[in-house]
Amino acid sequence: MNLRQAEMKEWESIYNIAKKNGKLLGPVFPPEIRDHISDSSCLICELDNEIVGFCLYTVLKRDPTRLTIQVICVDEKSRGLHIASNMVKYIQNKYKRDIRTTCVKDSSSELFWASIGKKVEELPGKKRPICRYLISGNSNRRKLIDGI
């Protein structure tokens, strides 16, 4: 498994994964992918030299303590290999920030985010309720033991 920032020449492969998973993700447009690649905020996962997953995120300039993940997607044939959670860990280790994300309630996305984060908010959506999750940037840091 190779995790790295995407290059512009790879935008079409990323877009094809997004299109195949459109019902789960909703619309992800080519300009959005290109913008994230240009901003170095599109992480990809390769297996056997093939892109099998991607993550679009934004490092917040006004809030140095957090970032947001807009889209995380793994091709169906590569699911179950912990690719999405490894992408989240990679981003968390690189930026040392809290990660916030939004997903549709009672979806497979919510199952994923609930397994690695804490629900902090639930709001009515246009069609279905949406949930916001927080993955703490401190979760991997060593905690002090009382009395030592």
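Coordinates for the structure precede this section.
Residues numbered from 1 in each chain as written. Predicted model: local features only at pLDDT ≥ 70, side-chain atom pairs only at ≥ 80, totals over all residues. Heavy atoms only, no water.

Novice: How do you make sense of the sheet that holds strand β7 (residues 130-135) when you look at a structure like this?
Specialist: Strand pairing in a sheet takes place through backbone hydrogen bonds and is either antiparallel or parallel in direction. Strand order across the open sheet formed by 7 strands is β1-β2-β3-β4-β5-β7-β6, with mixed pairing between neighbours. One side of each edge strand has no neighbouring strand; the edge strands of this open sheet are β1 (2-5) and β6 (118-123). Mean inter-strand twist for the sheet, computed between neighbouring axes without regard to direction, equals 25°. Looking at chain direction, strand β4 (residues 66-74) and strand β5 (residues 98-104) are connected through 4 bridges and run parallel. Bridge pairing links Arg66 to Asp98 in β5. Contacts between helix α1 (residues 11-20) and the sheet are confined to β2 (42-47), β3 (50-59) and β4, with β3 contributing the most and set at about 90° to the helix. (Pairing = 2+ DSSP bridges. Helix = DSSP H or I, 4+ residues; strand = E, 2+ residues; numbered from the N terminus. Axes fitted to C-alpha atoms, helices over the stretch in contact; angles between N-to-C directions. Contact = heavy atoms within 4.5 Å.)

Novice: Explain the pairing of β4 here, please?
Specialist: Walk down a regular strand and you will see the side chains alternate between the two sheet faces. Along β4, 7 of the 9 residues are buried, which leaves the element largely enclosed by surrounding structure. Both β3 and β4 contribute to a ladder of 7 bridges, which runs antiparallel. Its bridge partner being in β4, Cys55 is matched across the sheet by Ile72. Connecting the antiparallel pair β3 and β4 is a turn made up of 6 residues. Handedness of the β4-helix α4 (residues 83-95)-β5 crossover: right-handed. (Buried < 20%, exposed > 50% of the residue type's maximum accessible area, 1.4 Å probe, protein only. Right-handed = clockwise from strand over helix to strand, strands pointing away.)

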